[in-house]
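Structure assessment
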Amino acid sequence: MIEIRSKLLGLIAGTVALAVTEIPAQAQDAPIRVAMGDIASVESLGLLVAMERTKERGVPMELTFFNSEDVATQAIVGGQADIGVGAPYAFIENSQAPLRMFYRLSSLLFFPVVNTDYYSSWEDLDGQEVTVHSRGSGTEALMRLMEQQHGIEYSAISYVPGAEVRAGAMLQGTVKASIVDSSSFRLLTEQGGDKFERLPIEGVNATDEALYGSSDFLNEREADVVVFVEELMRTWAEINENPEIVAELRTQYDLLPDLPEDAVNDIVPYYTGAAQDGVLPVSGGEPEDVVDDLNFLAAAGQVDAPEGDVDINAYWDFDLLNAARN
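Bear in mind that the values here come from a model prediction, so they are computed numbers and not experimental data.

What follows deals with the overall build of the protein chain. Each helix and strand in the protein chain was counted, giving 14 helices and 11 strands. In terms of C-alpha radius of gyration, the protein chain reaches 19 Å, essentially the compact-globule figure of 20 Å for 326 residues. Counting only C-alpha atoms and orienting by the principal axes, one finds that the protein chain spans roughly 65 × 50 × 35 Å. When each of the 326 residues of the protein chain is scored for burial, the buried share is 55%. Of the contacts made within the protein chain by residues no fewer than 6 positions apart, 82% connect residues no fewer than 24 positions apart. Counting only carbon and sulfur atoms, one obtains 45% of the accessible surface of the protein chain, whose full area is about 13,900 Å².

A few words now on helix 10 (residues 245-253). Residues spaced three or four apart along an α-helix point in a common direction, a consequence of the helix completing one turn every 3.6 residues. All of the buried residues in helix 10 are Ile245, Val246, Leu249, Arg250 and Tyr253. The buried residues of helix 10 occupy one face: seen down the axis, they fall within an arc of 140°. The exposed residues of helix 10 that point more than 90 degrees off its buried face are Glu248 and Thr251. Where helix 10 is buried, its residues touch helix 2 (45-56), helix 9 (222-241), helix 11 (261-265) and helix 12 (267-276).

Let's shift gears to the packing of helix 5 (residues 138-149) against helix 13 (residues 287-299). It is the contact of helix 5 with helix 13, at a shortest axis distance of 8 Å, that shows an interaxial angle of 60°. Between helix 5 and helix 13, the interaxial angle falls into the category oblique. Contact residues: helix 5 offers Gly138, Ala141, Leu142, Leu145 and Gln148, while helix 13 offers Phe296, Leu297 and Ala299. Grouping the amino acids of the contact of helix 5 with helix 13 by side-chain chemistry returns six nonpolar, two polar and no charged.

Before going further, it helps to examine a negative patch on the surface. A surface patch of like charges, here negative, comprises Glu123, Asp124, Asp126 and Glu153. Of note, Glu153 is situated in the loop between helix 5 and strand 8 (156-159).

What follows deals with the pattern of salt bridges. In total, this model carries 13 salt bridges according to the counting rule given. Here Lys55 ties to Glu52 by a salt bridge, and the two come within 3.4 Å at their closest N and O atoms. A residue pair is termed a helical-turn pair when its members lie 3 or 4 positions apart in one helix, as Lys55 and Glu52 do in helix 2 at three residues. Classification of Lys55 by relative accessible area gives buried; the value is 2%. The buried category is assigned to Glu52, whose relative accessible area is 3%. Between Arg186 and Asp266 there is a salt bridge, with the nearest N and O atoms lying 2.5 Å from each other. Separated by 80 residues along the polypeptide, Arg186 in helix 7 (residues 182-192) and Asp266 in the loop between helix 11 and helix 12 bring together distant segments of the chain. Take Asp266: its relative accessible area is 15%, and that puts it in the buried class. One continuous salt-bridge network, built from bridges that share partners, spans Arg53, Arg57, Glu230, Glu231, Arg234 and Glu238.

Taken as a whole and judged by the stated rule, the model has three cavities of 30 Å³ or more. Its boundaries defined by the atoms lining it, the largest cavity holds a volume of some 260 Å³. Met36, Glu43, Ser44, Val85 and Glu209 are, among the 22 residues lining the largest cavity, the residues nearest its centre. Classifying every residue of the lining of the largest cavity by side-chain character gives 11 nonpolar, five polar and six charged. In this structure, the second largest cavity encloses a volume near 110 Å³. What lines the second largest cavity is a set of 13 residues, and nearest its centre among them are Leu109, Asp181, Ser182, Tyr270 and Val279. Element by element, the count of residues in the lining of the second largest cavity is highest for helix 12, at three residues. Split into classes, the residues belonging to the lining of the second largest cavity amount to six nonpolar, three polar and four charged.

Here we come to the layout of surface pockets. Its boundaries defined by the atoms lining it, the largest pocket holds a volume of some 480 Å³. Lining the largest pocket we find 29 residues, and of these Ala87, Pro88, Arg135, Gly136 and Ser137 sit closest to its centre. Elements that contribute at least two residues to the lining of the largest pocket include exactly helix 3 (69-78), strand 4 (83-86), helix 4 (89-95), helix 5, strand 11 (207-214) and helix 13. Across the lining of the largest pocket, the residue classes tally to 12 nonpolar, 11 polar and six charged.

With that settled, the discussion passes to the nonpolar core. Grouped together as the largest cluster of nonpolar side chains are 94 residues, with contacts concentrated most on Tyr103, Leu125 and Leu211. Per-element tally for this core: the top contributor is helix 9, with nine residues. Look past the residues within four positions of Tyr103 in its chain and what remains in contact with it is Ala210, Leu211, Val229, Leu232, Met233, Trp236, Pro281, Gly284, Trp316 and Leu321. In terms of nonpolar packing, the next biggest core, distinct from the first, is built from 11 residues, Phe111, Val175, Phe185 and Phe196 among them.

What follows covers the packing of aromatic side chains. Counted according to the given criterion, the structure contains six aromatic pairs. Their ring planes at 40° and their centres at 5.5 Å tell us that Tyr89 and Tyr315 sit as a pair that is tilted. Of this pair, Tyr89 sits in helix 4 while Tyr315 sits in the loop between helix 13 and helix 14 (319-325), placing them 226 residues apart in sequence. For the pair Tyr89 and Tyr315, one class covers both residues: buried. Relative to Tyr119, the ring of Tyr118 lies with its centre 6.2 Å away and its plane at 50°, an arrangement referred to as tilted. Given a relative accessible area of 49%, Tyr118 falls into the partly exposed group.

About the cut-offs
- Residues numbered from 1 in each chain as written.
- Predicted model: local features only at pLDDT ≥ 70, side-chain atom pairs only at ≥ 80, totals over all residues.
- Heavy atoms only, no water.
- Helix = DSSP H or I, 4+ residues; strand = E, 2+ residues; numbered from the N terminus.
- Rg over C-alpha atoms; globule rule 2.2 N^0.38 Å.
- Buried < 20%, exposed > 50% of the residue type's maximum accessible area, 1.4 Å probe, protein only.
- Contact = heavy atoms within 4.5 Å.
- Areas by Shrake-Rupley, 256 points an atom, 1.4 Å probe, with all protein chains shown as cover.
- Arc of directions from axis to C-beta.
- Axes fitted to C-alpha atoms, helices over the stretch in contact; angles between N-to-C directions.
- Parallel < 35°, antiparallel > 145°, perpendicular 65-115°, else oblique.
- Nonpolar A, V, L, I, M, F, W, Y, C, P; charged D, E, K, R; others polar.
- Patch = residues over 30% accessible without salt bridge, like charges linked within 9 Å, V, L, I, M, F, W, Y side chains within 5 Å.
- Salt bridge = Lys/Arg side-chain N within 4 Å of Asp/Glu carboxyl O.
- Lys, Arg positive; Asp, Glu negative; His and termini not counted.
- Charge placed at Lys NZ, Arg CZ, Asp CG, Glu CD.
- 1 Å grid on protein atoms, 1.4 Å probe; cavity = no way out; pocket = protein on both sides within 12 Å on 5 of 7 lines; lining within 4 Å.
- Points joined across faces, edges and corners; volume = space filled by probe spheres on them.
- Core = buried A, V, L, I, M, F, W, Y, C linked by side-chain atoms within 4.5 Å.
- Phe/Tyr/Trp six-rings, centres within 6.5 Å; stacked < 30°, edge-to-face > 60°.

Keep in mind these numbers describe shape, not what the thing actually does.
Right, dumping it as structure tokens:
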């Protein structure tokens, strides 16, 4: 992820509402409150564009930032927010909370990376500390899965939100093994050269981030959420066809105007890579993705291994996607 956290923290405090558009009289007054357990970043631009387009169609929306994905999930459960960003399979399974995912924003593509002054393989990480994004995140699940696959055991897992923060710590030498996104890995190779090496991973198909909400909310605001899903699908299709459009849409909607110059310069490379690597699925999610997610998380020890026919409706609501597709 390229959250550019250190340069943006001073710009964000509590709830940040996106630019207000004129709402037709027939639209519901209450905005759809989207909870993000992070700060807005280059990676968030696709979602922000879809939210702006949804507002143009008469559905009010606002974005709220929380300290972590866990806190954002609790906000959904407690009614302080309506839609979350994440993949809360483990939370749903363990709490039986009536949360359902309804749109797959991105598939998992991370880069486990080590400082070659210390390590050069997965086996070298046996008994060593690794650093991931947050507890229950896809980064933790992937590193746990690799731990199992390679028969090793980390001495500890540290949690440091922000791929660019973890990359910065690696450049400074305070972190020696971590997992980052494509942009941060590119930064490491550009500034560190041969000092950093990507460790191999194979056969992983899993959701990185999805949108989810309570069943009650998704039912009550079904028409509005379908509009949102339609705009997500339109935006994702446009990005996959022409990744450069993200920079144009950022200017059009005046999104994240205070991004540092290096982050602005990374918009097109990031989305070009994401489109080429299939990180932004145009379908919005499929039932087989749910099974893949559960198998991945089970291998990482975060959920129970699925047995027999999986009840995908316990985790996802595909009615919204199907309505948007029609």
